Number of protein chains: 2
Amino acid sequence: MKIGVIGGGQLGRMLALAGTPLGMDFAFLDPAPDACAAALGEHIRADYGDQDHLRQLADEVDLVTFEFESVPAETVAFLSRFVPVYPSAEALRIARDRWFEKSMFKDLGIPTPAFADIQSQADLDAAVAAIGLPAVLKTRTLGYDGKGQKVLRSAADAADAFAELGSVPCLLEGFVPFTGEVSLIAVRARDGETRFYPLVHNTHESGILRLSVASDAHPLQALAEDYAGRVLDQLQYVGVLAFEFFEVDGGLKANEIAPRVHNSGHWTIEGARCSQFENHLRAVAGLPLGATTRRGETAMLNFIGTVPPVEKVVALADCHLHHYGKAFKDGRKVGHATLLCADRATLDQRIADVQALIDA
Amino acid sequence: MKIGVIGGGQLGRMLALAGTPLGMDFAFLDPAPDACAAALGEHIRADYGDQDHLRQLADEVDLVTFEFESVPAETVAFLSRFVPVYPSAEALRIARDRWFEKSMFKDLGIPTPAFADIQSQADLDAAVAAIGLPAVLKTRTLGYDGKGQKVLRSAADAADAFAELGSVPCLLEGFVPFTGEVSLIAVRARDGETRFYPLVHNTHESGILRLSVASDAHPLQALAEDYAGRVLDQLQYVGVLAFEFFEVDGGLKANEIAPRVHNSGHWTIEGARCSQFENHLRAVAGLPLGATTRRGETAMLNFIGTVPPVEKVVALADCHLHHYGKAFKDGRKVGHATLLCADRATLDQRIADVQALIDA
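Residues numbered from 1 in each chain as written. Chains lettered and ligands numbered in written order. Predicted model: local features only at pLDDT ≥ 70, side-chain atom pairs only at ≥ 80, totals over all residues. Heavy atoms only, no water.

Our working definition: UniProt positions are given in the numbering used here, feature names are shortened, and annotations may be inferred rather than shown by experiment.
Going by what an unreviewed UniProt entry lists, chain A is known as N5-carboxyaminoimidazole ribonucleotide synthase and is assigned to Pseudomonas mangiferae. Under the heading Subunit (unreviewed entry), UniProt records this for chain A: "Homodimer."

Observations regarding the sheet that holds strand 1 (residues 2-6) of chain A
All names here are of chain A. Filter applied, for reference: For two strands to pair, DSSP has to find at least two bridges joining them. The secondary structure listing takes helices from DSSP runs of H or I that are at least 4 residues long and strands from runs of E that are at least 2 residues long, numbered from the N terminus. For helices, the axis comes from a line fit to the C-alpha atoms of the stretch in contact; other axes are also lines fit to C-alpha atoms, and the angle between any two N-to-C directions lies between 0 and 180 degrees. Should any heavy atoms of two residues lie within 4.5 Å, those residues are counted as being in contact.
Within the open sheet, the four strands sit side by side as 3-2-1-4. Their pairing is parallel. Pairing within the sheet leaves two strands with one partner each, and these edge strands are strand 3 (42-44) and strand 4 (63-66). Pairs of neighbouring strands in the sheet enclose a mean axial angle of 25°, with direction left out of account. As paired strands, strand 1 and strand 4 are joined by four bridges and run parallel to one another. When the bridges of strand 4 are listed, glycine 4 appears paired with valine 64. Each of strand 1, strand 2 (25-29), strand 3 and strand 4 is contacted by helix 2 (residues 51-60), which is oriented at about 150° to strand 3, the strand it contacts most.

What about the interface of chain A and chain B?
Inclusion rule: Joining two parts hides part of their accessible area as seen by a 1.4 Å probe, and the buried area is that hidden amount summed over both. Any carboxyl oxygen of Asp or Glu that lies within 4 Å of a side-chain nitrogen of Lys or Arg is treated as forming a salt bridge with it. For this analysis, a polar contact is any N or O atom pair within 3.5 Å, provided that within protein one partner can donate a hydrogen and the other can accept it, and provided that sequence-adjacent residues contribute only side-chain to side-chain pairs.
Between chain A and chain B, the contact holds 25 residues from the first and 25 residues from the second. Carbon and sulfur atoms supply 60% of the area that chain A and chain B bury against each other, a total of about 2300 Å² over both sides. Together, A:Thr20, A:Pro21 and A:Val314 form the three largest contributors to the area buried by chain A at its contact with chain B, with a combined 21%. Taken together, the connections running from chain A to chain B amount to two salt bridges. A salt bridge links B:Asp318 to A:Arg273; the nearest nitrogen and oxygen atoms lie 3.9 Å apart. If you look at where chain A meets chain B, you find eight residue pairs in polar contact (both at pLDDT 80 or more).

Description of the relation of the copies chain A and chain B
Test applied: In this comparison the copies share one frame, found by least squares on the C-alpha atoms of residues holding pLDDT of at least 70 in both.
Mapping chain A onto chain B calls for a screw motion: a turn of 180° about the axis and a shift of 0.0 Å along it, with 0.0 Å RMSD after fitting. Classification of the inter-copy transformation places it as that of a two-fold axis. The position closest to the rotation axis in chain A is occupied by the C-alpha of A:Leu40, lying 2.3 Å away. Looking at the interface residues of chain A, 100% of them are also at the interface in chain B, so both copies use one shared face.

A closer look at the domain arrangement of chain A
Selection rule: For every domain, the bounds stem from an assignment made automatically or drawn from a database.
Along its sequence, chain A is organised into domain 1 (2-85), domain 2 (114-174) and domain 3 (180-359). Just the C-alpha atoms count here: the centres of domain 2 of chain A and domain 3 of chain A sit 29 Å apart.

Focus on the pattern of salt bridges
Here is the rule we go by: Only protein chains enter the accessibility calculation, which uses a 1.4 Å probe; a residue is then buried when its area is under 20% of its type maximum, exposed when over 50%, and partly exposed in between.
Scanning the model with the defined rule gives 44 salt bridges over all chains in all. A salt bridge links B:Asp226 to B:Arg230, with the shortest nitrogen-to-oxygen separation between them at 2.8 Å. Here B:Asp226 and its partner B:Arg230 are both found in helix 9 (residues 221-234), four residues apart, which amounts to about one turn of the helix. For B:Asp226, a relative accessible area of 35% corresponds to the partly exposed category. Here B:Arg350 ties to B:Asp353 by a salt bridge, and the two come within 3.7 Å at their closest N and O atoms. Of the two residues, B:Arg350 and B:Asp353 are both situated in helix 13 (residues 344-359); the distance of three residues between them amounts to about one turn of the helix. In this structure B:Arg350 comes out as buried when scored by relative accessible area, which is 19%. A single network of salt bridges, built from pairs that share partners, joins A:Arg273, B:Asp318, B:Arg350 and B:Asp353.

Some words on empty space enclosed by the protein
Picture a little ball the size of a water molecule; that probe, rolled over the atoms, points out where space is still empty. All names here are of chain B. Our working definition: Cavity means a closed set of points on a 1 Å grid over the protein atoms alone, one where a 1.4 Å probe fits but cannot get out, pocket means an open set with protein on both sides within 12 Å along at least 5 of 7 lines, and lining means a residue has an atom within 4 Å of a point. Grid points are joined across faces, edges and corners, and a volume is the space filled by probe spheres set on the points. Residues were grouped as follows: Ala, Val, Leu, Ile, Met, Phe, Trp, Tyr, Cys and Pro as nonpolar; Asp, Glu, Lys and Arg as charged; and all remaining residues, including Gly, as polar.
All chains considered together, the criterion is met by two cavities of 30 Å³ or more. Its volume calculated, the largest cavity comes out at about 40 Å³. Among the secondary structure elements, those contributing two or more residues to the lining of the largest cavity are helix 1 (10-19) and strand 16 (319-323). Looking at the lining of the largest cavity, the element that brings in the most residues is helix 1, giving three residues. Broken down by class, the residue content of the lining of the largest cavity amounts to four nonpolar, two polar and one charged. A domain-level breakdown of the lining of the largest cavity finds at least three residues from each of domain 1 (2-85) and domain 3 (180-359). The calculated volume of the second largest cavity comes to roughly 30 Å³.

Side note on unusual backbone geometry
Negative phi values dominate among residues other than glycine, just as trans dominates among peptide bonds. Between A:Leu133 and the following residue, A:Pro134, the backbone shows a cis peptide bond with an omega angle of -5°. With respect to the secondary-structure elements, A:Pro134 resides in the loop between helix 6 (121-131) and strand 6 (135-139). Cis rather than trans, the peptide bond between B:Tyr86 and B:Pro87 has omega equal to -10°. Structurally, B:Pro87 can be placed in the loop between helix 3 (73-80) and helix 4 (89-95). The backbone of A:Ala217 shows a phi angle near 50°, a positive value even though the residue is not glycine. For A:Ala217, the location among the structural elements is in the loop between strand 12 (208-214) and helix 9 (221-234). Positioned with a positive phi, A:Asp318 is a non-glycine residue whose angle comes to about 65°. Checked against the element boundaries, A:Asp318 lands in the loop between helix 12 (310-313) and strand 16 (319-323).

A short note on the packing of helix 1 (residues 10-19) of chain A against helix 11 (residues 276-284) of chain A
All names here are of chain A. In plain terms, the rule: Put simply, angles under 35 degrees are roughly parallel, angles over 145 are roughly antiparallel, angles from 65 to 115 are roughly perpendicular, and the rest are oblique.
At a minimum axis separation of 8 Å, helix 1 and helix 11 run at an interaxial angle of 75°. As far as their axial angle goes, helix 11 and helix 1 are roughly perpendicular. Only Phe277, Glu278, His280 and Leu281 of helix 11 make contact with helix 1, whose side of the interface consists of Leu11, Met14, Leu15, Ala18 and Gly19. Here the contact of helix 1 with helix 11 is built from residues that sort into six nonpolar, two polar and one charged.

Some details on the packing of aromatic side chains
Residue and element names in this part refer to chain B. How we decide: Pairing of aromatic rings covers Phe, Tyr and the six-membered ring of Trp, with a centre-to-centre limit of 6.5 Å; geometry is then stacked below 30 degrees between planes, edge-to-face above 60, and tilted otherwise.
Under the defined criterion, the tally for this structure stands at 18 aromatic pairs over all chains. Here tryptophan 99 and phenylalanine 115 contribute two aromatic rings whose centre-to-centre distance is 5.7 Å and whose plane-to-plane angle is 70°, an arrangement assigned as edge-to-face. Separated by 16 residues along the polypeptide, tryptophan 99 in helix 5 (residues 98-107) and phenylalanine 115 in strand 5 (residues 115-118) bring together distant segments of the chain. A relative accessible area of 17% places phenylalanine 115 in the buried class.

Below, the structure is given as structure tokens:
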């Protein structure tokens, strides 16, 4: 079976590492000449709107999937005429746009921060009055890793904020006094079976994920699965979906979904019986899903900007290096380490060991 | 770092799957147009004696390693002029030839079956008289998976055996009434550090490995490590070396070594903290070695000739599919399953589950 992937970054690379042992071949469509997944499959170097090359991809593969959600709707619609596409165009349409996404949460009875659609500065002024400050203004589409958003703490912050974000459609979200950020990696098969990984505690820095720790019997696991299950069924979703929540007052408020394998699920490569990458491929390929249980106490730390010296990372006990083979650049995710330990005290020590290398 | 591999079969493929997350790139030199490692790196399609292409490989990579031992000595010598080669030409020279190999064991005080060098039918007749029957006649080089050998049970079997194996240099080995076959996967770093995986119990069928089960605190572990350590140090070996033994009268007799990652070590991909593939790459790249301990009760079953339906293999609990992406053909190793379980009773059940798929 040959899998087409839109995007050839590290998520595509890790999909190929998981799928090759299942006998799958890969083709990546990505305009970047140095797409890091290209080492593991065919690289069709073309823009995402290039119909000739999209057609070439569709003709070569058995199905198409995505490693990022901001694929143009036209691309998905075009591909869908020739080849199965998972997740569906509708799932991508919703997940790509914060207004559609939050509106769906509301329709499904999933709590969210207060939110409002912002098409102008006048809309923003009205929404600030209704929701109050602090609040966060986010572009409806194309935001990631804290890009395309602005925290509004005062009327002065809000004054020109719409123009500052490019005068594009935005969403205003009420600030949530959360006690933690957690994410749930979920997977739904073609036949509707769903499975969920243990909730992950996430720590961000400057809007970028730094640390994910898989929980053990988290008291909010069942609630998170209930919410995620509503979204999966609503979208008749196929593949892995990541659901980010704020922990608020002992409950959950939905932040956002990502219709793909997700950074907060990278610990599953060694930390779970079947990784998010393999389970995504199993789902889209119509294979039975794999076990989502932890193998032990497990966590993931991102390497941002640079990977510490390889000989130092691999010298750490219980540590697995994942180097993406990308050029180093400030703020860029260039690798991660996963940790798998027998007990929590050891895990905490190992997290400190990796952090020390990052800080060195 | 870019690694050159002589040979582009499944061992090369699994080396690339292990090395890519370490940030390594791969080039495989293999004459076969359908070399299955080619999906994961550059494929230099050339004969092993093609000096132009060997030079191209040497120029492109940081070091060269091997996925099979019957590489011509001239190839190794030529490459060594331009690029570091691990394991060394000397290690390959010994391991490739059963006479050199057995003579080294003898010199190092490692017990072996009785053996004799056979250059003619007259040599064979004399050796049969000295060693007795039954015995096994094996070509000194190029044998694998039971090929290039003949069991001699009677004088009639021995009569024309030398001609039957092609009148090439052979070794006669006394038949050993063994109670089991075990192998030790060992790894030696550039700085001389050695590590050993748990002894593996192997079951063969028609000369081909079918099942490997990693042992727990095997009573012969220390003895096997002692023997393997002598060979590693004698050869100043760098990389993974597999050592096959017969269990005889509560002791070990050396059968053969393979100067490479080995089929009886495939369980280490999921079953050990650091796989044989990653440890081989760490060793040749001058990185610290990884932990060789088991993660649980673990085993490997080969898929020979054909891989059972993928949807059935992945549906089995505790089972990991490794499909080599090769054309199916009788007697050919085309994949394997590794099992990782919490207890031995479960492992035995899972082995039966996989065996049932193989037999279906």
